Amino acid sequence: MGELGSVSWLKRKHYYRTLEVNLLGLIDVTQTFLPLIKTAKGRIVNTASITGRLAFPFAVPYSLSKFGVECFSDVLRKELYPYGITVHTIEPGFFTTNVTDPELVTNSVRQSWSELSSEMQDEYGHDYVDKLSAMYYAKKDVMNPKLGLVVNAYTHALTSWLPKIRYHVGWDCKLFFIPICYLPDCLSDWITRVLSKSPKPAILEKDKTA
């Protein structure tokens, strides 16, 4: 998942660490093996995420990297079409993995929090991370434990005679998140806010009660 936290918390280094693995690493591997793939008229399968189609608060480096994978894969697919090479993108929803483990997620948020100035911590409130942690643990039960669905998507993309360009994996991705992507932004933003249930910074709560 990489670095987690509000946009106000994160620095350039936090973005770079996630982008280096999820996006730049993927680009490096692709460019390294591209001559061989051209010779063999092979097939490329890249891993993106539903967060590369619909961004959620507190995970901007991860979403940014996955949006980048979507863009890179789209351009690659169009450029390599004349070579007879196909490019396919796996877009999993939310599954039970280390990326969604509430303990690991909370630890990442706490690490980002520990690097903040006292002024920034006062702005959000010193119980803010605890509220975020409770939010992550509350969502644990809705994660899909059937990782075999992702494996099946990879297998189909690699071996099928008629592979899909995009694989939307998981019921949440197919029936909920992808349709949201096609809604007007004002409506999709509202739904994202409702789903995220992110706590308000303490300074906003104070302003409301003043």
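Structure's up top.
Residues numbered from 1 in each chain as written. Predicted model: local features only at pLDDT ≥ 70, side-chain atom pairs only at ≥ 80, totals over all residues. Heavy atoms only, no water.

Caption draft 1: Local environment of the packing of aromatic side chains. Evaluated as defined, the whole model comprises 10 aromatic pairs. With a centroid separation of 6.1 Å and 70 degrees between ring planes, the pair formed by Trp 9 and Tyr 128 is classed as edge-to-face. Taken together, the residues span a long stretch of sequence, with Trp 9 in the segment before helix 1 (12-40) and Tyr 128 in helix 5 (residues 128-138) at a distance of 119 residues. Each ring, one from Phe 56 and one from Phe 94, has its centre 5.8 Å from the other, and the planes form 80 degrees; the classification is edge-to-face. Highlighted residues: Phe 56 in the loop between strand 1 (43-47) and helix 2 (60-80) and Phe 94 in the loop between strand 2 (86-92) and helix 3 (102-114), separated in sequence by 38 residues. A relative accessible area of 15% means that Phe 56 is categorised as buried. One aromatic cluster is present, built from ring pairs that chain together Trp 9, Phe 58, Trp 113, Tyr 124 and Tyr 128. (Phe/Tyr/Trp six-rings, centres within 6.5 Å; stacked < 30°, edge-to-face > 60°. Helix = DSSP H or I, 4+ residues; strand = E, 2+ residues; numbered from the N terminus. Buried < 20%, exposed > 50% of the residue type's maximum accessible area, 1.4 Å probe, protein only.)

Caption draft 2: Here's a closer look at the pattern of salt bridges. The full count for this structure, using the stated rule, is 8 salt bridges. Arg 53 is paired through a salt bridge with Glu 91; the nearest N and O atoms lie 3.0 Å apart. Note that Arg 53 is positioned in the loop between strand 1 and helix 2 and Glu 91 in strand 2, a separation of 38 residues in sequence. The class for Glu 91 is buried, based on a relative accessible area of 0%. Connected through shared salt-bridge partners, Arg 53, Glu 70, Asp 74, Arg 77, Glu 91 and Arg 166 make up one network. (Salt bridge = Lys/Arg side-chain N within 4 Å of Asp/Glu carboxyl O.)

Caption draft 3: Just the sheet that holds strand 3 (residues 166-169), in detail. Strand order in this open sheet of 3 strands is 1-2-3, and the pairing throughout is parallel. The open sheet has two edge strands with one neighbour each: strand 1 and strand 3. Across this sheet, the average inter-strand angle for adjacent strands is 20 degrees, counted without regard to direction. (Pairing = 2+ DSSP bridges. Axes fitted to C-alpha atoms, helices over the stretch in contact; angles between N-to-C directions.)

Caption draft 4: Structural context of the pairing of strand 2. Here strand 2 lies mainly inside the structure; 6 of its 7 residues are buried. Crossover strand 1 to strand 2 through helix 2 is right-handed. For strand 2 and strand 3, the ladder comprises 4 bridges, and the chain directions are parallel. Directly across from Glu 91, in strand 3, lies its bridge partner His 168. (Right-handed = clockwise from strand over helix to strand, strands pointing away.)

Caption draft 5: Highlighting the environment of Tyr 83. Among the secondary structure elements, Tyr 83 is positioned in the loop between helix 2 and strand 2. For the pair formed by Tyr 83 and Lys 38, sequence separation is 45 residues and the distance between their alpha carbons is 6.6 Å.

Caption draft 6: Up close: the nonpolar core. Counting residues in each nonpolar core, the largest one holds 16 residues, and the members touching the most others are Ile 44, Leu 76 and Leu 80. Elements supplying a minimum of two residues to this core: helix 1 and helix 2. With sequence-adjacent residues up to four places away left out, Ile 44 is seen in contact with Thr 30, Leu 34, Ile 37, Leu 76, Leu 80, Ile 85, Thr 86, Val 87 and His 88. (Core = buried A, V, L, I, M, F, W, Y, C linked by side-chain atoms within 4.5 Å. Contact = heavy atoms within 4.5 Å.)

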